[in-house]
Amino acid sequence: MTRTRKPGLSRRSTLALMGAGAATFAAPWVARADSKKLMIGMQSILSGPIALLGTSSRNALLMEQDRINAAGGFLGRQIEFVFRDSKGQPQEAARLARELVNTNGCELLVDAEASSGAFAVQEVVRSLGVPCIHTNSETSSLTADPKIRAPTAFRVARQGVHDAVAGSIYLSGYANTNKINKWATCAPDYAYGRDTTAQYLEFFKKFKPDIEIVTEAWPKLGQPDFTEVITKLIQAKPQALFTLLYAGDLSAFVNQGNIYALFAQMKVATPNVDYPVLAAIKNLPAGIQSATRYLETFPDTPANKAFGEAYLKRWKERPTNWSWQNTVAMQFYEAAIKKANSLDGKALAAALTGLKINTPFGVDGTITMRDDHTTINYAIGWGQTTPKPPFIVDVKPSDWGKIIEYETEWKKQQKYI
Amino acid sequence: MDLDALGACLTTPACVVTQTTSGLIVGMLLFLVAAGVTLIFGVLKIVNFAHGTFYMLGGYVAYTVLGVTDSYTLAVLAGALAMAVFGVLFERALISRVYNSDVLMQLLICYAVVLIFDDVVKIVWGPEFHAMGMPAAFQVPPFFIAGGVVPPFYAVLIGIAALIAIILGLGLSLTRFGKTVRAAAINPQMVSALGINTTLLFAIVFAIGGGLAGMAGALAAPVRSLSPGMGFSILIESFIVTVIGGMGSILGALVAALLIGMVRGFGTIGFPQFTDGLIYIMMIAILLLRPQGLFGRAS
């Protein structure tokens, strides 16, 4: 029997072609696995209602990756981020952090979680001894409490107690000027909302003892409708409202508050206004007393403006508070690695402690990593909203001398020092 | 618990007007979503856990259409129409295949659709939230009745939802189609045996349910943030409405939605820490006294 070949490609040829194709397409990935490349792990909230904050962290880190690689990388090695989505779940954040080090071979970590995740990651870092910078947790005890602080973990982020002191000093002055005593509060009904409201009120009452809280509202996180909250606030007839709502919740609250003319019936103050919120609120009321999470015009320097413009140009949206914090984390890594000439956790920890860097986000162009593993001297200011860019005007910088004075007093009360 | 504040509110006309308006708007938007859930369950005995997805997609479609046309009316109509079509496709492509399957299979399909379309929304519109913004026509100060605040936008929404409730109620009780739907809810085999195209009927029921949820999403979009997964929060309350009102009863859905709205409106004054708890206690109490719900048919 004669075997005849069918026209077209034989099975062997097909397999050979597929193999060659696979090798061709796989080549970039093989190159990526180059052992010279320094992998940096980052996990954050990249999906869900506050994903915009996680993605703004990732965006900033990608810009830093390009900048650092263009400048020669870390210790001559190009850097590459491995991004993971924790969905905001602490146990997932801890699992991912461990996986990034043990499985993905990451030698540095950027923990871009909110506080609930950061505390879980802290314990992973403590057990692995890997260098880590927390970039988004604002809960003070993460680094202030010596029992929680980890030897190789640092924080480059706002700290709750710093914001509470700065905000309370500003708002007490504002309340005195405008003769405002009756306040209402409105914050999301979970640990952040309740704890931070309590911390603000503690300092607020210290600076203005005669304030009265006439009502409190605790809407659920992600609550679609704030109508009953808004009407309750209106019924209580406060002179001013302090709110810790943020992101989509703050946007919905302002939009729903607008149709009840809430902003004409009381003064409003919030520390949580960020560019995406400002952009999402179509009719931003003027005159909301607001902290600057990130603002291109504060500090009003060419370097800060250049960062904001570069970010906008690349990502077609403006940066958030989380963006600058992640940028500064990489600036600290860069300076510390240069100083330590090493990636070792202990060596980097020694180099980071007390390190002062030049950065556009410092109130005087510098930020310092204090010996309690947290940053000071970053830009904190309060001003008032205006419907058009720059959105917050008349920004007054906070006094870091006073912030540190009251923070020290608070740490003594908590028996941290 | 602040019973003094609640008492003071109930004796103050301004507070009563403001909180009643608040309760009405919460209740009526909830009714639009829950009406679809109860209609679909009443006729098809399908617990549509994917109903929140219709609400979410309706909001997003309206957001996009408003951006293109600058017309809120067109945006709302587009949100409703798109979800009516989506409802038919959902019923024909997926649900029709599991009518006789275990409820777990139906649940899994609905849940898969929820997860898939949450991700689709992330891909198409991005993971971050969006806000539609108030249409220019409604950017006006609220009016006051007896000192109570009534926003014009909410007054219009309440009016639209009330109109739909009336049309739905009359349509189901007076028209031939409505009678067929009600007959199918009681005995679908007999309806089919009488030569009525139940395949088409079921698809239309899904179209109405989807359209109502899409319209609710679109109507609420100017004041609520749009984000992936937003349908879930309203779904839970929609099921509470359906259970309290009686599975399959449109009138029950209306009454239950308004009850929940009023509990929210006044509960937030008297029981600020326990408003959600009040709703569940009300549900438990009604189920203990009337297991079939307020207007449900006893099995």
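Residues numbered from 1 in each chain as written. Chains lettered and ligands numbered in written order. Predicted model: local features only at pLDDT ≥ 70, side-chain atom pairs only at ≥ 80, totals over all residues. Heavy atoms only, no water.

The subject of this paragraph is the overall build of chain B. From N to C terminus, chain B includes 12 helices and 2 strands. Across chain B, helices and strands are ordered from the amino to the carboxyl terminus as α-α-α-α-α-β-β-α-α-α-α-α-α-α. For the C-alpha atoms alone, the extent of chain B along its principal axes is close to 60 × 50 × 35 Å. Here chain B, with 299 residues, has 55% of them falling under the buried criterion. A separation of at least 24 residues holds for 76% of the contacts in chain B among residues at least 6 apart in sequence. Approximately 12500 Å² of chain B is accessible, and the part contributed by carbon and sulfur atoms is 73%. Across chain B, the 11 positively charged side chains and the 10 negatively charged ones have centroids separated by 20 Å. (Helix = DSSP H or I, 4+ residues; strand = E, 2+ residues; numbered from the N terminus. Buried < 20%, exposed > 50% of the residue type's maximum accessible area, 1.4 Å probe, protein only. Contact = heavy atoms within 4.5 Å. Areas by Shrake-Rupley, 256 points an atom, 1.4 Å probe, with all protein chains shown as cover. Lys, Arg positive; Asp, Glu negative; His and termini not counted. Charge placed at Lys NZ, Arg CZ, Asp CG, Glu CD.)

As a further point, take the domain arrangement of chain A. All names here are of chain A. The assigned domain composition of chain A is domain 1 (38-158 + 300-377) and domain 2 (161-292 + 382-413). The distance between the C-alpha centroids of domain 1 and domain 2 comes to 27 Å. In this assembly, 17 residues from domain 1 lie in contact with 15 residues from domain 2. Here domain 1 packs against domain 2, burying approximately 1400 Å² in sum over the two surfaces, 59% of which is carbon and sulfur. Measuring nitrogen to oxygen at the nearest pair gives 2.7 Å for the salt bridge that ties R370 to E407. Applying the counting rule to domain 1 against domain 2 returns 6 residue pairs in polar contact (both at pLDDT 80 or more). Taken together, the elements giving at least two residues each to the side of domain 1 that touches domain 2 come down to α2 (51-70) and β13 (375-376). For the side of domain 1 that touches domain 2, the per-class residue count stands at 7 nonpolar, 5 polar and 5 charged. (Domains from an automatic or database assignment. Buried area = accessible area lost by both parts, 1.4 Å probe. Salt bridge = Lys/Arg side-chain N within 4 Å of Asp/Glu carboxyl O. Polar contact = N/O pair within 3.5 Å; in protein donor to acceptor, adjacent residues only side chain to side chain. Nonpolar A, V, L, I, M, F, W, Y, C, P; charged D, E, K, R; others polar.)

On to the interface of chain A and chain B, then. At the interface, 32 residues of chain A touch 34 residues of chain B. With both sides pooled, the region where chain A packs onto chain B buries about 2800 Å², and carbon together with sulfur makes up 58% of that total. Counting the contacts that link chain A with chain B gives 3 salt bridges. Connecting chain A to chain B are 9 residue pairs in polar contact (both at pLDDT 80 or more). Mapped by element, the contributors of at least two residues to the side of chain A that touches chain B are α2, α8 (227-236), α9 (247-259) and α11 (275-280) of chain A. In terms of residue class, the side of chain A that touches chain B is made up of 14 nonpolar, 11 polar and 7 charged.

Residue and element names in this part refer to chain A. Mapped onto the elements of the fold, L100 is located in helix α3 (residues 90-102). Judged by relative accessible area, L100 falls into the buried class, the value being 0%. Distance in space between the C-alpha atoms of L100 and V161 is 31 Å, their sequence separation being 61 residues. Setting aside residues no more than four positions away along its own chain, L100 makes contact with G41, M42, Q43, V82, R84, G105, C106 and L109.

On inspection of all chains with the given rule, the structure shows 1 disulfide over all chains. Note on cysteine connectivity: C9 of chain B is disulfide-linked to C15 of chain B, with sulfurs 1.9 Å apart. Looking down the S-S bond of the C9 of chain B and C15 of chain B bridge, the torsion is -90 degrees, so its handedness is left-handed. Take C15 of chain B: its relative accessible area is 3%, and that puts it in the buried class. Lacking any disulfide linkage, C186 of chain A is separated from the closest cysteine sulfur, that of C15 of chain B, by 17 Å. (Disulfide = S-S within 2.5 Å.)

Moving on to the packing of α2 of chain A against helix α13 (residues 321-340) of chain A. All names here are of chain A. One way to put it is that α2 packs onto α13 with a least axis distance of 7 Å and a crossing angle of 35 degrees. As α2 runs across α13, the sense of the crossing is right-handed. Side by side, α2 and α13 meet where L53, G54, S56, S57, A60, L61, E64, R67 and I68 of the first sit next to W322, S323, N326, T327, M330, Q331 and E334 of the second. Residue composition of the contact of α2 with α13, grouped by class: 6 nonpolar, 7 polar and 3 charged. (Axes fitted to C-alpha atoms, helices over the stretch in contact; angles between N-to-C directions. Left-handed = near helix turned anticlockwise from the far one by under 90°.)

Another aspect to go through is a positive patch on the surface. Residues and elements named next belong to chain B. Taken together, the side chains of K45, K179, R182 and R297 make up a positively charged region of the molecular surface. Examined against the element boundaries, K45 turns out to sit in the loop between α2 (13-44) and α3 (51-69). Overall, the relative accessible area of 45% leaves K45 in the partly exposed class. (Patch = residues over 30% accessible without salt bridge, like charges linked within 9 Å, V, L, I, M, F, W, Y side chains within 5 Å.)

Further remarks concern the nonpolar core. Formed by 199 residues in total, the largest nonpolar core has its most connected members in F74, W183, F253, M330 and F332 of chain A. Per element, the largest residue contribution to this core is 14 residues, and it comes from α2 of chain B. The residues that make up this core include at least three from each of domain 1 (38-158 + 300-377) and domain 2 (161-292 + 382-413) of chain A. Ranked by size, the runner-up nonpolar core spans 16 residues in total, among them M39, L100, V124 and V125 of chain A. (Core = buried A, V, L, I, M, F, W, Y, C linked by side-chain atoms within 4.5 Å.)

Moving on to the packing of aromatic side chains. The geometry of an aromatic ring pair comes down to the distance between the two centres and the angle between the two planes. Residues and elements named next belong to chain A. Inspection of the entire model under this criterion finds 30 aromatic pairs over all chains. Each ring, one from Y190 and one from Y192, has its centre 6.1 Å from the other, and the planes form 45 degrees; the classification is tilted. Of the residues examined, Y190 reaches a relative accessible area of 31% and is grouped as partly exposed. Where F307 meets Y311, the ring centres are 6.2 Å apart and the plane angle is 50 degrees; that geometry is what we call tilted. One end of the pair, F307, and the other, Y311, are both in helix α12 (residues 302-315), 4 residues apart, so they sit about a helical turn from each other. (Phe/Tyr/Trp six-rings, centres within 6.5 Å; stacked < 30°, edge-to-face > 60°.)

Another aspect to go through is the pairing of strand β2 (residues 79-85) of chain A. The side chains of a regular strand alternate, residue by residue, between the two faces of the sheet. Residues and elements named next belong to chain A. Buried residues dominate β2, accounting for 5 of its 7 residues. Pairing between strand β1 (residues 38-44) and β2: 7 bridges, direction parallel. Its bridge partner being in β2, S44 is matched across the sheet by D85. (Pairing = 2+ DSSP bridges.)

All names here are of chain A. Axis separation between α3 and helix α4 (residues 115-128) bottoms out at 8 Å; the angle between their running directions is 35 degrees. The handedness of the crossing between α3 and α4 is right-handed. On α4, the residues touching P90, A93, A94, A97, R98, V101 and N102 of α3 are S116, G117, A120, V121, V124, S127 and L128. Split into classes, the residues belonging to the contact of α3 with α4 amount to 9 nonpolar, 4 polar and 1 charged.

Below, the discussion takes up the sheet that holds strand β11 (residues 356-358) of chain A. All names here are of chain A. The 3 strands lie next to each other as β11-β12-β13, forming an open sheet whose pairing is antiparallel. Lying at the two open borders of the sheet, with one neighbouring strand each, are β11 and β13. In this sheet, strand β12 (residues 366-369) lies alongside β11 in antiparallel orientation, the contact comprising 3 bridges. Residue K356 lies in a different strand from β12, and its bridge partner there is T368.

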